[in-house]
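Topology and contacts: notes
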Amino acid sequence: GKLCDLTGWWENDLGSKMHVLKVDSEGNFSGEYHTAVSSTDKPIQPSPLVGSQHLDKDGQCTFGFTVNWKKFSDSTAVFVGQCFSGDNGNEVLQTSWLLREKVDSLPSDWKATRTGHNTFIRTG
Ligand code: BTN
């Protein structure tokens, strides 16, 4: 298959699972994100994601996607990342994310954004 096609199932270091449906000819894609963790008290639910990837043929393309947790949280997350080949030739995604929480008022804006890193490997 095409190198660095994000289509398929991925799992990250937190145990979160991501299912990317078909990537179109422009590199646009959608899918579903099943987070393993949450900052809310409500039960976690699968959440829609939309993103865009470069279609470089070297297997090291960059990409970004947004997850809207609308079913259980009023937060929004964005991920940016790049595909790599791991030691065993397995596909690895190195990502950075921003998670924007809804706060009550402008004075609380300073605490509304978390950031971190996740590594994904292909599981399907
Ligand atoms: C929320 O807590 O408001 C919604 C769930 C957020 C899950 C975050 S997004 C970044 C990090 N990576 C994951 O796989 N899950 C957490």
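Per chain, residue numbering runs from 1 following the sequence as it is written. The model is predicted, so local features are restricted to residues of pLDDT at least 70 and side-chain atom pairs to those at 80 or more, both for listing and for counting; the totals for chains, interfaces and linings are taken over all residues. Side-chain measures here rest on the full set of heavy atoms in the structure, leaving out hydrogens and waters.

1. Quick look at the sheet that holds strand β2 (residues 17–20)
Only strands joined by at least two bridges in the DSSP assignment are considered to pair. Put simply, DSSP marks the helices as runs of H or I at least four residues long and the strands as runs of E at least two long, and each gets a number from the N terminus on. Spatially, eight strands are ordered β1-β2-β3-β4-β5-β6-β7-β8 in a closed barrel, and the strand pairing comes out antiparallel. This sheet shows a mean twist of 30° between the axes of neighbouring strands, independent of strand direction. Where strand β1 (residues 8–12) and strand β8 (residues 113–122) come together, three bridges link them in antiparallel fashion. By the bridge assignment, E11 is partnered in β8 with I121. Axis definition: a line fitted to C-alpha atoms, limited for helices to the stretch in contact. Angles are taken between N-to-C directions and run from 0 to 180 degrees.

2. Overview of the confidence of the model for the protein chain
The predictor's confidence in any single residue is recorded as pLDDT, a number from 0 to 100. Scored by pLDDT, the protein chain comes out at a mean of 96, with 98% of its residues at no less than 70. Among the prediction metrics, the complex's ipTM stands at 0.99, with pTM recorded as 0.96.

3. Comments concerning the site of the ligand
Surrounding the ligand, one finds 16 residues, the nearest of these being S16, Y33, S39, S73 and N118. Throughout this description, a polar contact denotes any pair of N or O atoms lying within 3.5 Å of each other; where both atoms belong to protein, one of them has to be capable of donating a hydrogen while the other can accept it, and for residues adjacent in sequence the pair is counted only when both atoms sit in side chains. One of the side-chain nitrogen or oxygen atoms of N12 is found 3.0 Å away from an oxygen atom of the ligand. A distance of 2.8 Å separates a nitrogen atom of the ligand from a polar atom in the side chain of N118. Here the ligand, which alone exposes 410 Å², has 97% of that area covered by the protein. Grid spacing is 1 Å over the protein atoms alone, the probe is 1.4 Å, and a cavity is where that probe fits but cannot get out, while a pocket is an open set with protein on both sides within 12 Å along at least five of seven lines and lining residues have an atom within 4 Å of a point. Put plainly, a molecule is in a cavity or pocket when over half of its atoms are within 2 Å of the grid points there. Under a 2 Å grid-point criterion requiring more than half of the atoms, the pocket assigned to the ligand is the largest pocket. Just so you know the grouping, Ala, Val, Leu, Ile, Met, Phe, Trp, Tyr, Cys and Pro go in nonpolar, Asp, Glu, Lys and Arg go in charged, and all remaining residues, Gly too, go in polar. Here the shell around the ligand is built from residues that sort into seven nonpolar, nine polar and no charged. Being near a molecule or strand, for a residue, means having at least one of its heavy atoms within 4 Å of it. The Shrake-Rupley method, run with a 1.4 Å probe sphere, supplies the accessible areas, and residue values consider only the shown protein chains as cover.

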